[in-house]
Amino acid sequence: MARADAPKTGGKADGAAQEQAEAPRKYEPKYNWMNKSRQWGVRVPPGKAGLKLGDLNVGVYGEIPGHWTDETRNPRGAVARRGMPPVGYAVRDKAGLWADSAADLYEEAIQRRWAPATDVPWNTIEPLPDDVEHAVCQVCTELIGYANVDIEAITGWQHRMSYGYHEVKQFLATAGFDAARHFECFRKRALVNGGGLGLEGPGRVNRLILESRGGWTEAVVYLLLLRGVFTMTLYKHLERHAHNDAERFIYGHALTDKARHVTYGLEHLKFAIAHVDDQRQIVATLFAFGDGGLARDLADPVLKEALAVIFGGSVRGAVKKGLAGYGDFMRDFLGTLLAMCRYIDVPRDPARLPAALKEFAPVGDVAA
Amino acid sequence: MAKALAFPSVAWFDAVRAVFNSDERYRGAGGGRCDCVVGLKIGEAVFVLAFEGVECVSAVAADDAALVDVDFFLAMSAEDWREMITNIAENDGADLHHTLNTLDLARDEGLAASRHGDQFREDLFFRYNQTLQFFFDASARVKTAVDNGKLVKL
(Lines give C-alpha, C1' and ligand atoms only; values in the text may rest on other atoms or scores of the structure.)
Protein backbone atom coordinates (compact mmCIF):
# COMPACT_ATOMS: atom_id res chain seq x y z
CA MET A 1 0.00 0.00 0.00
CA ALA A 2 1.20 3.46 -0.97
CA ARG A 3 2.19 5.79 1.78
CA ALA A 4 -0.22 8.66 2.43
CA ASP A 5 2.38 11.24 1.52
CA ALA A 6 3.51 9.51 -1.69
CA PRO A 7 2.89 11.36 -4.93
CA LYS A 8 -0.22 10.19 -6.72
CA THR A 9 0.39 8.49 -10.04
CA GLY A 10 -3.05 7.14 -10.78
CA GLY A 11 -1.80 4.20 -12.95
CA LYS A 12 -2.41 0.54 -11.92
CA ALA A 13 0.99 -0.64 -13.16
CA ASP A 14 2.78 2.08 -11.25
CA GLY A 15 1.04 0.99 -8.04
CA ALA A 16 2.10 -2.65 -8.46
CA ALA A 17 5.71 -1.66 -9.07
CA GLN A 18 5.71 0.49 -5.99
CA GLU A 19 4.25 -2.28 -3.84
CA GLN A 20 6.92 -4.68 -5.10
CA ALA A 21 9.65 -2.18 -4.30
CA GLU A 22 8.34 -1.71 -0.76
CA ALA A 23 7.78 -5.43 0.01
CA PRO A 24 10.33 -6.96 2.42
CA ARG A 25 13.18 -8.52 0.57
CA LYS A 26 12.97 -12.28 0.74
CA TYR A 27 15.84 -13.78 2.74
CA GLU A 28 17.67 -16.46 0.84
CA PRO A 29 20.09 -18.37 3.08
CA LYS A 30 23.33 -19.46 1.45
CA TYR A 31 24.75 -21.62 4.25
CA ASN A 32 28.27 -20.77 3.19
CA TRP A 33 29.42 -21.21 6.79
CA MET A 34 28.83 -24.94 6.43
CA ASN A 35 32.04 -25.16 4.40
CA LYS A 36 34.02 -23.41 7.08
CA SER A 37 35.69 -26.11 9.12
CA ARG A 38 39.33 -27.00 9.42
CA GLN A 39 38.48 -30.64 9.99
CA TRP A 40 35.06 -32.24 9.46
CA GLY A 41 33.83 -35.77 10.05
CA VAL A 42 35.32 -36.14 13.53
CA ARG A 43 33.81 -38.91 15.63
CA VAL A 44 35.34 -39.27 19.08
CA PRO A 45 34.01 -42.37 20.83
CA PRO A 46 33.23 -42.19 24.54
CA GLY A 47 35.36 -44.36 26.81
CA LYS A 48 34.57 -46.20 30.03
CA ALA A 49 34.54 -42.95 31.98
CA GLY A 50 32.38 -41.17 29.40
CA LEU A 51 33.39 -38.66 26.76
CA LYS A 52 36.25 -36.75 28.35
CA LEU A 53 37.65 -33.36 27.45
CA GLY A 54 41.10 -34.77 26.74
CA ASP A 55 39.63 -37.38 24.37
CA LEU A 56 38.70 -34.55 21.98
CA ASN A 57 42.32 -33.73 21.22
CA VAL A 58 42.34 -35.42 17.81
CA GLY A 59 43.51 -34.05 14.48
CA VAL A 60 43.69 -30.27 14.29
CA TYR A 61 41.75 -30.05 17.54
CA GLY A 62 44.67 -31.62 19.36
CA GLU A 63 47.30 -29.28 17.94
CA ILE A 64 48.58 -27.36 20.96
CA PRO A 65 51.50 -25.16 19.90
CA GLY A 66 54.15 -23.76 22.20
CA HIS A 67 52.98 -20.21 21.47
CA TRP A 68 49.41 -19.23 20.71
CA THR A 69 49.52 -16.47 18.10
CA ASP A 70 45.77 -15.82 17.90
CA GLU A 71 44.83 -12.94 20.15
CA THR A 72 41.07 -13.38 19.90
CA ARG A 73 38.62 -15.72 21.58
CA ASN A 74 38.73 -18.07 18.63
CA PRO A 75 38.29 -21.59 20.00
CA ARG A 76 41.19 -23.92 19.23
CA GLY A 77 40.57 -25.65 15.92
CA ALA A 78 37.92 -23.20 14.68
CA VAL A 79 38.29 -21.04 11.57
CA ALA A 80 39.44 -17.55 12.50
CA ARG A 81 37.23 -14.63 11.49
CA ARG A 82 39.14 -11.85 9.80
CA GLY A 83 39.21 -8.44 11.40
CA MET A 84 38.55 -9.56 14.94
CA PRO A 85 40.12 -7.09 17.41
CA PRO A 86 42.73 -8.59 19.75
CA VAL A 87 41.63 -9.24 23.32
CA GLY A 88 45.08 -8.75 24.82
CA TYR A 89 45.83 -12.05 26.48
CA ALA A 90 48.93 -11.85 28.64
CA VAL A 91 49.63 -15.59 28.86
CA ARG A 92 50.11 -16.94 25.34
CA ASP A 93 53.04 -19.31 25.85
CA LYS A 94 52.24 -22.91 26.66
CA ALA A 95 55.09 -22.95 29.19
CA GLY A 96 53.33 -20.19 31.09
CA LEU A 97 50.35 -22.28 32.16
CA TRP A 98 50.35 -25.80 30.77
CA ALA A 99 50.06 -29.09 32.63
CA ASP A 100 49.40 -32.32 30.74
CA SER A 101 46.99 -33.41 33.44
CA ALA A 102 44.74 -30.33 33.19
CA ALA A 103 42.01 -31.94 31.06
CA ASP A 104 41.84 -34.99 33.32
CA LEU A 105 41.82 -32.83 36.44
CA TYR A 106 38.95 -30.84 34.97
CA GLU A 107 36.95 -34.03 34.42
CA GLU A 108 37.84 -35.23 37.88
CA ALA A 109 36.66 -31.99 39.45
CA ILE A 110 33.36 -32.11 37.57
CA GLN A 111 32.71 -35.75 38.38
CA ARG A 112 33.74 -35.53 42.02
CA ARG A 113 31.82 -32.37 42.90
CA TRP A 114 29.93 -32.05 46.16
CA ALA A 115 27.44 -29.62 47.60
CA PRO A 116 28.00 -28.25 51.12
CA ALA A 117 24.33 -27.39 51.62
CA THR A 118 23.06 -30.93 51.20
CA ASP A 119 26.00 -33.36 51.24
CA VAL A 120 27.54 -32.27 54.55
CA PRO A 121 25.72 -33.99 57.46
CA TRP A 122 25.18 -30.71 59.32
CA ASN A 123 22.88 -32.39 61.83
CA THR A 124 25.81 -34.28 63.33
CA ILE A 125 27.22 -31.06 64.78
CA GLU A 126 26.62 -30.78 68.50
CA PRO A 127 27.63 -28.07 70.98
CA LEU A 128 31.36 -28.06 71.73
CA PRO A 129 33.16 -26.64 74.75
CA ASP A 130 33.45 -22.88 74.36
CA ASP A 131 37.24 -22.85 73.96
CA VAL A 132 37.12 -25.51 71.25
CA GLU A 133 34.29 -23.76 69.38
CA HIS A 134 36.31 -20.54 69.49
CA ALA A 135 39.32 -22.36 68.06
CA VAL A 136 37.31 -24.06 65.30
CA CYS A 137 35.74 -20.74 64.32
CA GLN A 138 39.13 -19.01 64.31
CA VAL A 139 40.59 -21.65 62.02
CA CYS A 140 37.50 -21.42 59.78
CA THR A 141 38.04 -17.66 59.60
CA GLU A 142 41.58 -18.24 58.38
CA LEU A 143 40.44 -20.87 55.85
CA ILE A 144 37.73 -18.55 54.53
CA GLY A 145 40.45 -15.99 53.90
CA TYR A 146 42.57 -18.57 52.06
CA ALA A 147 39.59 -19.57 49.89
CA ASN A 148 38.88 -15.94 49.08
CA VAL A 149 42.46 -15.46 47.94
CA ASP A 150 42.18 -18.62 45.81
CA ILE A 151 39.12 -17.20 44.07
CA GLU A 152 40.63 -13.79 43.48
CA ALA A 153 43.99 -15.07 42.30
CA ILE A 154 42.58 -17.69 39.94
CA THR A 155 39.93 -15.48 38.39
CA GLY A 156 42.44 -12.62 38.20
CA TRP A 157 44.65 -14.69 35.91
CA GLN A 158 42.11 -16.84 34.12
CA HIS A 159 40.84 -14.15 31.76
CA ARG A 160 44.43 -13.31 30.81
CA MET A 161 45.12 -16.81 29.49
CA SER A 162 44.69 -17.42 25.78
CA TYR A 163 42.00 -19.75 24.48
CA GLY A 164 44.54 -22.00 22.80
CA TYR A 165 45.04 -23.70 26.16
CA HIS A 166 41.41 -24.14 27.09
CA GLU A 167 42.08 -27.28 29.16
CA VAL A 168 43.90 -25.17 31.73
CA LYS A 169 41.29 -22.41 31.67
CA GLN A 170 38.55 -24.97 32.23
CA PHE A 171 40.42 -26.71 35.02
CA LEU A 172 41.01 -23.37 36.71
CA ALA A 173 37.30 -22.64 36.43
CA THR A 174 36.68 -25.73 38.55
CA ALA A 175 39.45 -24.71 40.95
CA GLY A 176 37.78 -21.32 41.37
CA PHE A 177 34.49 -23.04 42.04
CA ASP A 178 36.18 -25.42 44.51
CA ALA A 179 37.48 -22.35 46.34
CA ALA A 180 34.00 -20.85 46.39
CA ARG A 181 32.73 -24.10 47.89
CA HIS A 182 35.45 -24.01 50.55
CA PHE A 183 34.60 -20.39 51.34
CA GLU A 184 30.97 -21.46 51.71
CA CYS A 185 31.46 -24.50 53.89
CA PHE A 186 33.94 -22.92 56.30
CA ARG A 187 31.67 -19.92 56.72
CA LYS A 188 28.77 -22.27 57.36
CA ARG A 189 30.77 -24.27 59.88
CA ALA A 190 31.73 -21.08 61.74
CA LEU A 191 28.14 -19.90 61.94
CA VAL A 192 26.28 -23.14 62.56
CA ASN A 193 27.14 -23.99 66.14
CA GLY A 194 26.79 -20.94 68.35
CA GLY A 195 30.12 -19.35 67.44
CA GLY A 196 31.04 -16.74 64.85
CA LEU A 197 33.91 -15.50 62.78
CA GLY A 198 37.14 -14.61 64.54
CA LEU A 199 40.20 -12.50 63.72
CA GLU A 200 41.42 -11.94 60.18
CA GLY A 201 44.79 -13.56 59.42
CA PRO A 202 47.98 -11.51 58.93
CA GLY A 203 48.00 -12.12 55.18
CA ARG A 204 51.63 -11.74 54.04
CA VAL A 205 51.37 -14.81 51.84
CA ASN A 206 48.00 -13.54 50.62
CA ARG A 207 49.74 -10.43 49.34
CA LEU A 208 52.51 -12.45 47.69
CA ILE A 209 49.86 -14.47 45.88
CA LEU A 210 47.66 -11.59 44.84
CA GLU A 211 50.54 -9.33 43.87
CA SER A 212 52.38 -11.87 41.72
CA ARG A 213 53.30 -9.80 38.71
CA GLY A 214 55.81 -12.07 37.03
CA GLY A 215 53.26 -14.36 35.43
CA TRP A 216 50.90 -17.19 36.28
CA THR A 217 53.82 -19.49 37.03
CA GLU A 218 54.86 -17.18 39.86
CA ALA A 219 51.32 -17.21 41.21
CA VAL A 220 51.34 -21.01 41.03
CA VAL A 221 54.45 -21.19 43.23
CA TYR A 222 52.77 -19.14 45.95
CA LEU A 223 49.12 -20.11 45.54
CA LEU A 224 49.24 -23.81 44.66
CA LEU A 225 52.51 -24.98 46.15
CA LEU A 226 53.37 -22.86 49.19
CA ARG A 227 49.82 -21.99 50.30
CA GLY A 228 48.28 -25.02 48.58
CA VAL A 229 50.41 -27.60 50.38
CA PHE A 230 50.04 -25.69 53.66
CA THR A 231 46.26 -25.73 53.33
CA MET A 232 46.14 -29.32 52.14
CA THR A 233 48.18 -30.43 55.14
CA LEU A 234 45.95 -28.37 57.40
CA TYR A 235 42.87 -30.16 56.03
CA LYS A 236 44.51 -33.54 56.67
CA HIS A 237 45.23 -32.73 60.30
CA LEU A 238 41.87 -31.08 60.90
CA GLU A 239 40.11 -34.14 59.50
CA ARG A 240 42.09 -36.24 61.93
CA HIS A 241 40.86 -34.06 64.79
CA ALA A 242 37.31 -33.58 63.50
CA HIS A 243 34.66 -33.35 66.21
CA ASN A 244 31.80 -34.83 64.21
CA ASP A 245 30.91 -36.32 60.83
CA ALA A 246 30.15 -32.90 59.36
CA GLU A 247 33.65 -31.59 60.05
CA ARG A 248 35.12 -34.85 58.87
CA PHE A 249 33.19 -34.59 55.63
CA ILE A 250 34.17 -30.96 55.08
CA TYR A 251 37.88 -31.39 55.72
CA GLY A 252 38.07 -34.71 53.88
CA HIS A 253 36.39 -33.38 50.76
CA ALA A 254 38.24 -30.06 50.82
CA LEU A 255 41.43 -32.12 51.03
CA THR A 256 40.51 -34.01 47.87
CA ASP A 257 39.77 -30.75 46.04
CA LYS A 258 43.01 -29.18 47.21
CA ALA A 259 45.00 -32.24 46.15
CA ARG A 260 43.81 -31.61 42.58
CA HIS A 261 44.98 -28.01 42.73
CA VAL A 262 48.37 -29.04 44.06
CA THR A 263 48.66 -31.72 41.37
CA TYR A 264 48.06 -29.12 38.66
CA GLY A 265 50.59 -26.82 40.32
CA LEU A 266 53.24 -29.53 40.44
CA GLU A 267 52.69 -30.61 36.87
CA HIS A 268 52.70 -27.03 35.61
CA LEU A 269 55.94 -26.17 37.38
CA LYS A 270 57.54 -29.34 36.08
CA PHE A 271 56.48 -28.40 32.55
CA ALA A 272 57.61 -24.78 32.89
CA ILE A 273 60.99 -25.77 34.30
CA ALA A 274 61.50 -28.26 31.47
CA HIS A 275 60.67 -25.69 28.76
CA VAL A 276 61.96 -22.31 29.96
CA ASP A 277 65.59 -21.41 30.49
CA ASP A 278 66.33 -20.28 34.03
CA GLN A 279 62.82 -21.16 35.24
CA ARG A 280 64.21 -23.62 37.76
CA GLN A 281 66.29 -20.90 39.42
CA ILE A 282 63.41 -18.44 39.24
CA VAL A 283 61.13 -20.89 41.03
CA ALA A 284 63.81 -21.43 43.68
CA THR A 285 64.06 -17.66 44.20
CA LEU A 286 60.29 -17.34 44.45
CA PHE A 287 60.19 -20.05 47.07
CA ALA A 288 62.80 -18.17 49.09
CA PHE A 289 60.58 -15.05 49.03
CA GLY A 290 57.57 -17.17 49.89
CA ASP A 291 59.31 -18.85 52.83
CA GLY A 292 59.91 -15.41 54.32
CA GLY A 293 56.28 -14.40 53.93
CA LEU A 294 55.06 -17.63 55.44
CA ALA A 295 57.47 -17.37 58.36
CA ARG A 296 56.17 -13.88 59.12
CA ASP A 297 52.56 -15.08 58.90
CA LEU A 298 53.34 -17.91 61.30
CA ALA A 299 54.99 -15.51 63.72
CA ASP A 300 51.47 -14.31 64.43
CA PRO A 301 50.32 -16.67 67.19
CA VAL A 302 46.59 -16.77 66.41
CA LEU A 303 46.46 -19.71 63.99
CA LYS A 304 49.03 -21.67 65.98
CA GLU A 305 47.11 -21.24 69.23
CA ALA A 306 43.77 -22.08 67.67
CA LEU A 307 45.19 -25.23 66.09
CA ALA A 308 46.81 -26.20 69.37
CA VAL A 309 43.42 -25.96 71.13
CA ILE A 310 41.85 -28.19 68.46
CA PHE A 311 44.71 -30.69 68.46
CA GLY A 312 44.89 -30.69 72.26
CA GLY A 313 41.14 -30.83 72.80
CA SER A 314 41.01 -27.73 75.04
CA VAL A 315 42.96 -24.69 76.19
CA ARG A 316 44.41 -26.84 78.92
CA GLY A 317 45.40 -29.55 76.45
CA ALA A 318 46.83 -27.02 74.02
CA VAL A 319 49.98 -26.45 76.03
CA LYS A 320 51.44 -29.89 75.63
CA LYS A 321 49.42 -32.19 73.41
CA GLY A 322 48.15 -29.36 71.26
CA LEU A 323 51.53 -27.82 70.55
CA ALA A 324 52.92 -31.28 69.87
CA GLY A 325 50.11 -31.72 67.34
CA TYR A 326 50.98 -28.37 65.80
CA GLY A 327 54.57 -29.57 65.49
CA ASP A 328 53.36 -32.75 63.77
CA PHE A 329 51.35 -30.62 61.36
CA MET A 330 54.27 -28.33 60.54
CA ARG A 331 56.67 -31.24 60.08
CA ASP A 332 54.16 -32.93 57.78
CA PHE A 333 53.75 -29.71 55.81
CA LEU A 334 57.45 -29.06 55.38
CA GLY A 335 58.23 -32.70 54.65
CA THR A 336 55.58 -32.73 51.92
CA LEU A 337 56.62 -29.37 50.49
CA LEU A 338 60.31 -30.26 50.34
CA ALA A 339 59.51 -33.62 48.73
CA MET A 340 57.42 -31.84 46.11
CA CYS A 341 60.24 -29.37 45.48
CA ARG A 342 62.56 -32.28 44.81
CA TYR A 343 59.94 -33.74 42.44
CA ILE A 344 59.93 -30.57 40.34
CA ASP A 345 63.72 -30.50 40.41
CA VAL A 346 64.01 -27.53 42.76
CA PRO A 347 65.60 -29.20 45.78
CA ARG A 348 65.65 -26.99 48.84
CA ASP A 349 68.20 -26.88 51.60
CA PRO A 350 66.33 -26.95 54.94
CA ALA A 351 69.29 -25.22 56.57
CA ARG A 352 68.48 -22.09 54.57
CA LEU A 353 64.85 -21.92 55.59
CA PRO A 354 63.79 -19.10 57.96
CA ALA A 355 64.15 -20.15 61.59
CA ALA A 356 60.38 -20.34 62.08
CA LEU A 357 60.24 -23.05 59.42
CA LYS A 358 63.63 -24.67 59.90
CA GLU A 359 62.76 -25.97 63.35
CA PHE A 360 60.13 -28.20 61.71
CA ALA A 361 62.10 -29.30 58.65
CA PRO A 362 62.58 -33.06 58.45
CA VAL A 363 65.92 -34.20 59.80
CA GLY A 364 68.20 -35.42 57.02
CA ASP A 365 66.19 -33.70 54.30
CA VAL A 366 68.93 -32.19 52.22
CA ALA A 367 69.11 -30.65 48.81
CA ALA A 368 70.24 -32.98 46.05
CA MET B 1 22.26 -66.87 54.76
CA ALA B 2 25.45 -65.58 53.14
CA LYS B 3 28.66 -67.29 54.07
CA ALA B 4 31.18 -65.16 55.93
CA LEU B 5 34.17 -64.33 53.77
CA ALA B 6 37.63 -64.29 55.21
CA PHE B 7 39.54 -61.02 55.38
CA PRO B 8 41.89 -60.66 53.63
CA SER B 9 41.08 -62.69 50.53
CA VAL B 10 40.27 -62.08 46.87
CA ALA B 11 36.76 -63.39 47.52
CA TRP B 12 36.29 -60.78 50.25
CA PHE B 13 37.55 -57.96 48.05
CA ASP B 14 35.32 -59.16 45.20
CA ALA B 15 32.32 -59.02 47.52
CA VAL B 16 33.24 -55.49 48.58
CA ARG B 17 33.69 -54.54 44.93
CA ALA B 18 30.21 -55.83 44.17
CA VAL B 19 28.71 -53.64 46.90
CA PHE B 20 30.83 -50.61 45.96
CA ASN B 21 30.20 -50.88 42.22
CA SER B 22 26.45 -51.25 42.57
CA ASP B 23 25.77 -48.39 44.98
CA GLU B 24 25.28 -45.09 43.16
CA ARG B 25 25.64 -43.13 46.40
CA TYR B 26 29.38 -43.68 46.19
CA ARG B 27 29.46 -41.78 42.90
CA GLY B 28 28.11 -38.50 44.28
CA ALA B 29 29.00 -36.26 47.18
CA GLY B 30 32.67 -36.08 46.29
CA GLY B 31 33.00 -39.64 45.03
CA GLY B 32 33.00 -40.46 41.34
CA ARG B 33 35.64 -41.11 38.76
CA CYS B 34 38.76 -42.73 40.12
CA ASP B 35 41.55 -44.09 37.94
CA CYS B 36 44.36 -45.68 39.87
CA VAL B 37 45.98 -48.95 40.86
CA VAL B 38 46.28 -49.40 44.61
CA GLY B 39 48.40 -51.91 46.47
CA LEU B 40 47.38 -53.20 49.89
CA LYS B 41 50.03 -54.63 52.15
CA ILE B 42 48.21 -56.49 54.89
CA GLY B 43 50.95 -57.84 57.10
CA GLU B 44 52.91 -59.94 54.62
CA ALA B 45 49.97 -60.43 52.24
CA VAL B 46 49.69 -58.22 49.18
CA PHE B 47 46.61 -57.44 47.09
CA VAL B 48 46.21 -55.08 44.16
CA LEU B 49 42.98 -53.20 43.46
CA ALA B 50 42.36 -51.49 40.12
CA PHE B 51 39.90 -48.60 39.89
CA GLU B 52 38.61 -47.43 36.51
CA GLY B 53 35.93 -44.83 35.98
CA VAL B 54 33.48 -45.19 38.82
CA GLU B 55 34.18 -48.86 39.53
CA CYS B 56 36.74 -51.04 41.20
CA VAL B 57 37.33 -53.40 38.29
CA SER B 58 39.63 -56.01 39.80
CA ALA B 59 41.19 -57.33 42.96
CA VAL B 60 44.05 -59.80 42.74
CA ALA B 61 46.48 -61.39 45.14
CA ALA B 62 50.07 -60.43 44.41
CA ASP B 63 53.52 -60.42 45.95
CA ASP B 64 55.73 -57.72 47.34
CA ALA B 65 57.32 -57.02 43.95
CA ALA B 66 53.96 -55.84 42.63
CA LEU B 67 54.12 -52.82 44.94
CA VAL B 68 56.72 -51.25 42.68
CA ASP B 69 54.19 -50.90 39.88
CA VAL B 70 51.12 -49.63 41.74
CA ASP B 71 50.37 -45.91 41.95
CA PHE B 72 50.62 -46.13 45.74
CA PHE B 73 50.07 -48.75 48.39
CA LEU B 74 48.52 -48.80 51.84
CA ALA B 75 50.60 -50.72 54.36
CA MET B 76 49.67 -51.73 57.90
CA SER B 77 50.14 -54.74 60.11
CA ALA B 78 47.51 -57.44 59.73
CA GLU B 79 46.29 -56.55 63.21
CA ASP B 80 45.78 -52.88 62.30
CA TRP B 81 43.92 -53.81 59.13
CA ARG B 82 41.66 -56.11 61.12
CA GLU B 83 40.99 -53.32 63.60
CA MET B 84 40.04 -50.95 60.77
CA ILE B 85 37.76 -53.48 59.07
CA THR B 86 36.15 -54.37 62.38
CA ASN B 87 35.59 -50.70 63.21
CA ILE B 88 33.97 -50.14 59.81
CA ALA B 89 31.70 -53.13 60.31
CA GLU B 90 30.67 -52.02 63.79
CA ASN B 91 29.96 -48.42 62.80
CA ASP B 92 28.67 -48.90 59.26
CA GLY B 93 31.70 -46.90 58.09
CA ALA B 94 34.95 -45.82 59.67
CA ASP B 95 34.63 -43.72 62.81
CA LEU B 96 36.68 -40.56 63.29
CA HIS B 97 39.70 -42.53 64.46
CA HIS B 98 39.80 -45.07 61.65
CA THR B 99 39.58 -43.10 58.41
CA LEU B 100 42.36 -43.69 55.92
CA ASN B 101 43.55 -40.12 56.41
CA THR B 102 43.66 -40.46 60.20
CA LEU B 103 45.47 -43.77 59.98
CA ASP B 104 47.95 -42.18 57.56
CA LEU B 105 48.71 -39.36 59.97
CA ALA B 106 48.72 -41.54 63.06
CA ARG B 107 51.67 -43.69 62.01
CA ASP B 108 55.22 -42.48 61.86
CA GLU B 109 55.77 -44.17 58.53
CA GLY B 110 52.33 -43.14 57.22
CA LEU B 111 49.76 -45.42 55.64
CA ALA B 112 50.21 -44.53 51.97
CA ALA B 113 53.56 -45.01 50.29
CA SER B 114 55.14 -45.65 46.93
CA ARG B 115 58.39 -47.10 45.67
CA HIS B 116 58.64 -45.23 42.39
CA GLY B 117 59.12 -41.71 43.78
CA ASP B 118 56.58 -40.24 41.37
CA GLN B 119 54.82 -37.54 43.37
CA PHE B 120 52.01 -37.28 40.83
CA ARG B 121 51.05 -40.94 41.29
CA GLU B 122 51.57 -40.89 45.04
CA ASP B 123 49.24 -37.89 45.41
CA LEU B 124 46.40 -39.93 43.92
CA PHE B 125 45.91 -41.18 47.48
CA PHE B 126 44.65 -37.74 48.46
CA ARG B 127 42.85 -36.99 45.19
CA TYR B 128 40.85 -40.22 45.50
CA ASN B 129 40.83 -40.42 49.27
CA GLN B 130 37.04 -40.25 49.56
CA THR B 131 36.49 -42.95 46.97
CA LEU B 132 38.94 -45.24 48.75
CA GLN B 133 37.16 -44.50 52.01
CA PHE B 134 33.82 -45.29 50.37
CA PHE B 135 35.30 -48.56 49.10
CA PHE B 136 36.37 -49.73 52.52
CA ASP B 137 33.19 -48.39 54.11
CA ALA B 138 31.27 -50.61 51.67
CA SER B 139 32.81 -53.60 53.46
CA ALA B 140 30.37 -52.94 56.33
CA ARG B 141 27.79 -54.70 54.14
CA VAL B 142 29.91 -57.80 53.61
CA LYS B 143 29.71 -60.61 56.11
CA THR B 144 33.29 -60.83 57.23
CA ALA B 145 35.43 -63.18 59.20
CA VAL B 146 38.89 -62.02 60.17
CA ASP B 147 41.63 -64.53 59.55
CA ASN B 148 41.32 -66.20 62.92
CA GLY B 149 37.75 -67.10 61.96
CA LYS B 150 36.08 -64.54 64.22
CA LEU B 151 33.05 -62.89 62.65
CA VAL B 152 33.16 -59.12 62.62
CA LYS B 153 29.76 -58.62 61.01
CA LEU B 154 26.70 -60.83 61.15
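Residues numbered from 1 in each chain as written. Chains lettered and ligands numbered in written order. Predicted model: local features only at pLDDT ≥ 70, side-chain atom pairs only at ≥ 80, totals over all residues. Heavy atoms only, no water.

1. So, the packing of aromatic side chains
Residues and elements named next belong to chain A. This model, assessed by the stated rule, comprises 25 aromatic pairs over all chains. Look at F230 and F329: their rings are 5.3 Å apart centre to centre, the planes differ by 70°, and that puts the pair in the edge-to-face class. In this pair, F230 sits in helix α7 (residues 216-240) while F329 sits in helix α11 (residues 315-343), placing the two residues 99 residues apart along the sequence. What links up through ring pairs into an aromatic cluster is the set Y146, F230, Y326, F329, F333 and F360. Its end group placed over the ring of W98, K94 keeps NZ or CZ at 4.9 Å from the ring centre. Seen from the ring of Y146, R227 lies directly overhead, with NZ or CZ sitting 3.8 Å from the centre. (Phe/Tyr/Trp six-rings, centres within 6.5 Å; stacked < 30°, edge-to-face > 60°. Helix = DSSP H or I, 4+ residues; strand = E, 2+ residues; numbered from the N terminus. Lys NZ or Arg CZ within 6 Å of the ring centre and 35° of its normal.)

2. Things to note about α7 of chain A
The terminal C-alpha atoms of α7 of chain A lie 33 Å apart, and with 25 residues this matches the ideal 36 Å at 1.5 Å per residue to within 8%. The principal kink in α7 of chain A, of about 45°, is found at G228 of chain A. (Expected span 1.5 Å × (residues − 1). Bend = angle between axes of the 7 residues up to and from the residue.)

3. Topic: the packing of helix α10 (residues 301-312) of chain A against α11 of chain A
Residue and element names in this part refer to chain A. One can describe the packing of α10 onto α11 by two numbers: an axis separation of 6 Å at closest approach and a directional angle of 105°. Relative to α11, the element α10 is oriented roughly perpendicular. Listed contacts from α11 to K304, L307, A308, V309, F311 and G312 of α10 are V315, G317, A318, K321, G322, L323, G325, Y326 and F329. When its residues are assigned to classes, the contact of α10 with α11 shows nine nonpolar, four polar and two charged. (Axes fitted to C-alpha atoms, helices over the stretch in contact; angles between N-to-C directions. Parallel < 35°, antiparallel > 145°, perpendicular 65-115°, else oblique. Contact = heavy atoms within 4.5 Å. Nonpolar A, V, L, I, M, F, W, Y, C, P; charged D, E, K, R; others polar.)

4. What to know about the pattern of salt bridges
Side chains that carry opposite charge are capable of pairing whenever their charged atoms lie near each other. Counted by the stated rule, this structure contains 28 salt bridges over all chains. Among the ionic pairs, D104 of chain A bridges to R33 of chain B, the shortest N-O distance being 3.7 Å. Within this pair, whereas D104 of chain A is found in helix α2 (residues 102-111), its partner R33 of chain B is found in the loop between α1 (10-22) and β2 (36-42), the two belonging to separate chains. Residue D104 of chain A is classed as partly exposed on the basis of its relative accessible area of 35%. Residue classification places R33 of chain B among the buried residues on the basis of a relative accessible area of 5%. The partner of D14 of chain B in a salt bridge is R17 of chain B, and the shortest N-O contact between them spans 3.2 Å. (Salt bridge = Lys/Arg side-chain N within 4 Å of Asp/Glu carboxyl O. Buried < 20%, exposed > 50% of the residue type's maximum accessible area, 1.4 Å probe, protein only.)

5. Focus: the interface of chain B and chain A
Residue-level contacts link 32 residues of chain B with 37 residues of chain A. Roughly 2,800 Å² is buried in total at the junction of chain B and chain A, and carbon and sulfur atoms are behind 53% of that figure. Put simply, chain B and chain A have two salt bridges between them. At the junction of chain B with chain A, the criterion picks out twelve residue pairs in polar contact (both at pLDDT 80 or more). Going through the elements one at a time, β4 (55-62), α3 (100-106), α4 (119-122), α5 (124-127) and α6 (129-138) of chain B are the ones with two or more residues in the side of chain B that touches chain A. Looking at the side of chain B that touches chain A element by element, the count peaks at five residues for α6 of chain B. (Buried area = accessible area lost by both parts, 1.4 Å probe. Polar contact = N/O pair within 3.5 Å; in protein donor to acceptor, adjacent residues only side chain to side chain.)

6. A short note on α6 of chain B
Of all ten residues in α6 of chain B, ten are buried, a share of seventy percent or more. Along α6 of chain B, the positions that sit buried rather than exposed are N129, Q130, T131, L132, Q133, F134, F135, F136, D137 and A138 of chain B.

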